[in-house]
Amino acid sequence: MSDCIFCKIAQKEIGTLIYEDELVAAFDDANPQAPVHVLIVPKKHIEKLLDVTQDEDKFLLGHILVIANTIARERSIAEAGYRVVVNCNREAGQSVWHLHFHLLGGRKMSWPPG
Ligand code: AMP
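Definitions and cut-offs
- Residues numbered from 1 in each chain as written.
- Predicted model: local features only at pLDDT ≥ 70, side-chain atom pairs only at ≥ 80, totals over all residues.
- Heavy atoms only, no water.
- Patch = residues over 30% accessible without salt bridge, like charges linked within 9 Å, V, L, I, M, F, W, Y side chains within 5 Å.
- Areas by Shrake-Rupley, 256 points an atom, 1.4 Å probe, with all protein chains shown as cover.
- Salt bridge = Lys/Arg side-chain N within 4 Å of Asp/Glu carboxyl O.
- Helix = DSSP H or I, 4+ residues; strand = E, 2+ residues; numbered from the N terminus.
- Buried < 20%, exposed > 50% of the residue type's maximum accessible area, 1.4 Å probe, protein only.

A grouping of Leu65, Tyr82 and Val84 is seen on the molecular surface, where their side chains present a nonpolar patch of about 230 Å² in accessible area. By secondary structure assignment, the location of Val84 is in strand β4 (residues 82-85). Owing to a relative accessible area of 33%, Val84 belongs among the partly exposed residues under this scheme.

All right, on to the pattern of salt bridges then. Going through the model one piece at a time under the given rule, you end up with seven salt bridges. Here Glu20 and Lys43 are joined by a salt bridge, their closest N and O atoms 2.6 Å apart. Placement of the pair is Glu20 in strand β1 (residues 19-20) and Lys43 in the loop between β3 (36-42) and α2 (55-74), with a sequence separation of 23 residues. Residue classification places Lys43 among the partly exposed positions, given a relative accessible area of 25%. Across the pair Lys58 and Asp55 runs a salt bridge whose closest N-O atoms are separated by 3.2 Å. Taken together, the residues Lys58 and Asp55, both in helix α2 and three residues apart, mark about one turn of the helix. Residues Lys58 and Asp55 agree in their burial class; the two are exposed. Beyond isolated ion pairs, a larger network of salt bridges with shared partners links Lys12, Glu20 and Lys43.

As structure tokens, this is what we get:
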């Protein structure tokens, strides 16, 4: 989508990717909430988690979690612990309307989330 900021980042028009393959891109969050805060996004525009229904997207979702593990190991947060979060829709706090998975780590997390 031409006016989507995460599409522009995923297509390397702006920003810096830390990982990419044919399906996904990952980059550091501009306003990190932990020492490691990476966003993993599908390259194709999907507005939110609720919109994922097609068979092809089931592979995509699993792939994103595998890549989250890879990046967690690369950023040395895998063994201590990390969190993967998707905010879907307004009350959950979604503010960018392109599906993204937050990968957070490098500090002790609390529960429940705010
Ligand atoms: P959410 O509130 O779950 O939609 O998360 C959106 C996230 O995107 C927030 O953590 C923002 O800090 C982050 N963000 C917004 N714009 C950018 C950008 N241009 N580059 C990197 N991260 C961004």
